[in-house]
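# Report on the structure
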Amino acid sequence: MSPAPPPRRAPSGSRARGARSCSIRHGSPPASPISPVRLLDCDPDTLAALTAIGAETIGDLERLPRDGLARRFGHCLLEEIDRAFGRRPDPRTFFASPPRFHARLELAAEVAQAEMLAVAARRLVVQLAGFLAARTGGVQRLALRLFHRDAPVTEIAIGLVAPTRDAEHFARLARERLAMVGLRAPVRAIALTAEDIVPLAGKPGTLFGEAAGDAAGEWAKLVERLRARLGAAAVHGMTAAADHRPEHASRRSEPGCGRPAPARQPSITPASTTTRGTLLGVPGGPRPFWLLPQPRPLAEIDSVPHHGGPLALLAGPERIESGWWDGDEVARDYFIAQTSDRTLVWVYRTRPSGPKRASWYLHGLFA
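Residues numbered from 1 in each chain as written. Predicted model: local features only at pLDDT ≥ 70, side-chain atom pairs only at ≥ 80, totals over all residues. Heavy atoms only, no water.

## Looking at the overall build of the protein
- In terms of regular secondary structure, the protein is built from eight helices and 15 strands.
- When the 367 residues of the protein are sorted by exposure, 37% land in the buried category.
- In the protein, the share of contacts with a sequence separation of at least 24, taken over all contacts with a separation of at least 6, comes to 58%.
- Put simply, the protein shows about 22600 Å² of open surface, and 54% of that area lies on carbon and sulfur atoms. (Helix = DSSP H or I, 4+ residues; strand = E, 2+ residues; numbered from the N terminus. Buried < 20%, exposed > 50% of the residue type's maximum accessible area, 1.4 Å probe, protein only. Contact = heavy atoms within 4.5 Å. Areas by Shrake-Rupley, 256 points an atom, 1.4 Å probe, with all protein chains shown as cover.)

Shown next as structure tokens:
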């Protein structure tokens, strides 16, 4: 005789509120008939209909004709009753919590300088690397926590450009971040936490065992070390945006990522017509390598703009009219000009509107 299928509702009687205890003998149904119908895996409408016909327990449903229950509520209810009494197999999928690394190290003596914690942090990241290697995974975010005697916990977040499990790289990042921290009190213990562990394949090798070159990985490590030393906001990428205005034509982005970071105002492709000239044979005109944060006003003498002397206009104009939709409308004529020391600059003249007269501004410098 084959063994009985695993019951689903064996503990139902113990979970039923107000139900009296009952012993389950060998061969008896695993679920208690006095268990309420709300313990069945049914939708709220079905449970409400069962209550309306006076079926308050699973035993009440068992005593009703099965054909009538199937016609009114469908075969799913019968299958649920059979699972409750162990007459149908009910394999279970047990919950598995996602992997998470946490390790704490109590220091032999209190440490007053953050740089001296690098050795303790290295011991923790070596444990993390082993934990990740056993799971063939990597992480992109770490968190160091420094515990003090009479002060709140100091938290140090470490972000990576790409997931990795390189212990040496973790140790270098931790040392860089610790060097930038000013401790509010001596440290008694240090902890390392890593969540969001993702699958990470190993590095490919060559025929004779030498490690294959990984220029992209070395570049990512350089960016991460610069961010650890200078801050995440100081190291970023740039990507083009669909906007004719030079100051809005680019956005900050994550290094190596082509998608721009969220901006205060989304870039919108202008619906107005922009007349572009041809500067130095390039449609739309070249752009300077260095764009000033704010356009600098230029003096105009005898209708000629001056910047350390008179400017010689070499090419232009390139007219840009855009920005009417977000309140930052511009109407400019751009020129490539040359200074007295033969430096190429990018200047523009505002288009007069109403009582305002045209003015000259310096906007960029060519390399």
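## Looking at the nonpolar core
- Judged by nonpolar contacts, the single largest core of 32 residues is most densely connected at Leu128, Leu142, Phe170, Ile190 and Leu192.
- Among the elements of the structure, β1 (101-111), α6 (118-134), β2 (137-148), β3 (154-164), α7 (167-179) and β4 (187-194) are those that each provide at least two residues to this core.
- Looking at this core element by element, the count peaks at seven residues for α6.
- One finds Leu47, Leu77, Ile81 and Ala84 within the second-largest nonpolar core, a separate group that totals 16 residues. (Core = buried A, V, L, I, M, F, W, Y, C linked by side-chain atoms within 4.5 Å.)

## A closer look at the pairing of strand β15 (residues 360-365)
- For strand β10 (residues 290-301) and β15, the ladder comprises five bridges, and the chain directions are antiparallel. Bridge pairing in β15 places tryptophan 290 opposite leucine 365.
- In this structure, strand β14 (residues 344-350) lies alongside β15, joined through five bridges in antiparallel fashion. Across the sheet, residue tryptophan 346 finds its bridge partner in β15, namely glycine 364. (Pairing = 2+ DSSP bridges.)

## Section: the packing of aromatic side chains
- Inspection of the entire model under this criterion finds five aromatic pairs.
- Taking 5.4 Å as the distance between ring centres and 55° as the angle between the ring planes, the aromatic pair formed by phenylalanine 101 and phenylalanine 131 counts as tilted. With phenylalanine 101 in strand β1 and phenylalanine 131 in helix α6, the pair connects residues that are 30 residues apart, well separated along the chain. Both residues of the pair, phenylalanine 101 and phenylalanine 131, belong to the buried class.
- Three or more aromatic residues link up through ring pairs in this structure, and these residues are Tyr334, Trp346, Tyr348 and Tyr361.
- Arginine 104 extends its terminal NZ or CZ atom over the ring of phenylalanine 147, reaching a point 4.1 Å from the ring centre.
- Against the face of tyrosine 348 rests arginine 332, its NZ or CZ located 4.5 Å from the ring centre. (Phe/Tyr/Trp six-rings, centres within 6.5 Å; stacked < 30°, edge-to-face > 60°. Lys NZ or Arg CZ within 6 Å of the ring centre and 35° of its normal.)

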